[in-house]
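A closer look at the structure
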Amino acid sequence: MQRGDLDGLVALLTVAEKRSFTAAAAVLGVTPSAISQSVRALERRAGVALLARTTRDVAPTEAGRRFLERARPAVDDILSAFREASSLGNKPSGLLRLNVPRVALPSLIEPILAEFCASYPEVQVEIHVDDRFANIVTEGFDAGIRIGELVEADMVAVPLSAPFQLAVVGSPDYFARHGRPQRPEELKRHACINFRQSDRSLYHWEFEEGGREFALAVDGPIIANEANVMISAAVMGLGLAYMLDPVAEPLCQRGLLERVLEPFCPQTPGFFLYFPSRHQVLPKLRAFIDFARTRLR
């Protein structure tokens, strides 16, 4: 298909329906001359006359009738698609695809999901749980949620939580058997639960002291690529785990885990919802942003 092949289709359909260039021009808000030129240009591209013109009437030729029988449903579909796209730009509706790490579900998604769906019944929410650093643009997501320092600089980032610390935790039973590390370097003498990243590398535990940031490789009997597995292993006393403090907090309150090395654990800027451009925010995403920030504040 060449550029401009479809020019004049609406003009032709309207003339055929009204059987008048003047009436078609009035419907489309242009001059009869403009309508006539559009139809003639379309006929030249088709290589055949599509309308038979007399001083009193305009009617499709045989070729025109066959053309209109095929073209009208297609044009109706195109116009319907335009109307549907336009409606998505006016009110919150359609499929909202969110890329969310598993660790953010309990604190950011689960508390607001039911109320958001009830408030915006025309929005269908797809939650894709993903702990890797996905490209939300190429993979077709409307937005993602990540810790602020992991969000790419060219993304628009909206804070969803307050800043929080990272934490090293272990079970009371583990500490009774192996003691408590007092400095990060002592982790070499402890069993640690490793996290396997999406690039297959093992995550190095990050610490800071006196303004200096450093990371340590740790070792232990368990390697996992999923936070819940690491939490369960830590609760069972299989080793120390490195996790987000909001995840550790309820387990510490219940006495299942205890923190160590707190003075050395760095603070993160918190969770952010991020998306490519503030100029392309559809109402469904804007509604979710405003709703989440209000409810999670």
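Above this text sits the structure in question.
Calculation criteria
- Residues numbered from 1 in each chain as written.
- Predicted model: local features only at pLDDT ≥ 70, side-chain atom pairs only at ≥ 80, totals over all residues.
- Heavy atoms only, no water.
- Phe/Tyr/Trp six-rings, centres within 6.5 Å; stacked < 30°, edge-to-face > 60°.
- Helix = DSSP H or I, 4+ residues; strand = E, 2+ residues; numbered from the N terminus.
- Buried < 20%, exposed > 50% of the residue type's maximum accessible area, 1.4 Å probe, protein only.
- Salt bridge = Lys/Arg side-chain N within 4 Å of Asp/Glu carboxyl O.

Description of the packing of aromatic side chains
- All told, the structure shown has 9 aromatic pairs when counted by the stated rule.
- A ring pair is formed by Phe164 and Phe271, whose centres lie 5.5 Å apart and whose planes are at 45°; its orientation type is tilted. Taken together, the residues span a long stretch of sequence, with Phe164 in strand β7 (residues 164–170) and Phe271 in strand β15 (residues 271–275) at a distance of 107 residues. Of the two residues, Phe164 and Phe271, both sit in the buried class.
- Note on Trp205 and Tyr242: the rings are 5.3 Å apart at their centroids and 25° apart in plane angle, and the pair reads as stacked.

A closer look at the pattern of salt bridges
- Throughout the structure, instances matching the rule amount to 17 salt bridges.
- A salt bridge links Arg19 to Asp57, with the nearest nitrogen and oxygen atoms 3.3 Å apart. With Arg19 in the loop between α1 (9–18) and α2 (21–28) and Asp57 in the loop between β1 (51–53) and β2 (58–60), this residue pair connects regions lying 38 residues apart in the sequence.
- One salt bridge in this structure joins Arg183 and Glu185, with 3.4 Å as the shortest N-O distance.
- Note on Arg183: relative accessible area 32%, which makes it partly exposed.
- The partly exposed category is assigned to Glu185, whose relative accessible area is 34%.
- Taken together, the salt bridges that share partners define one network made up of Glu62, Arg65 and Arg66.

This is a description of form; function is not addressed.
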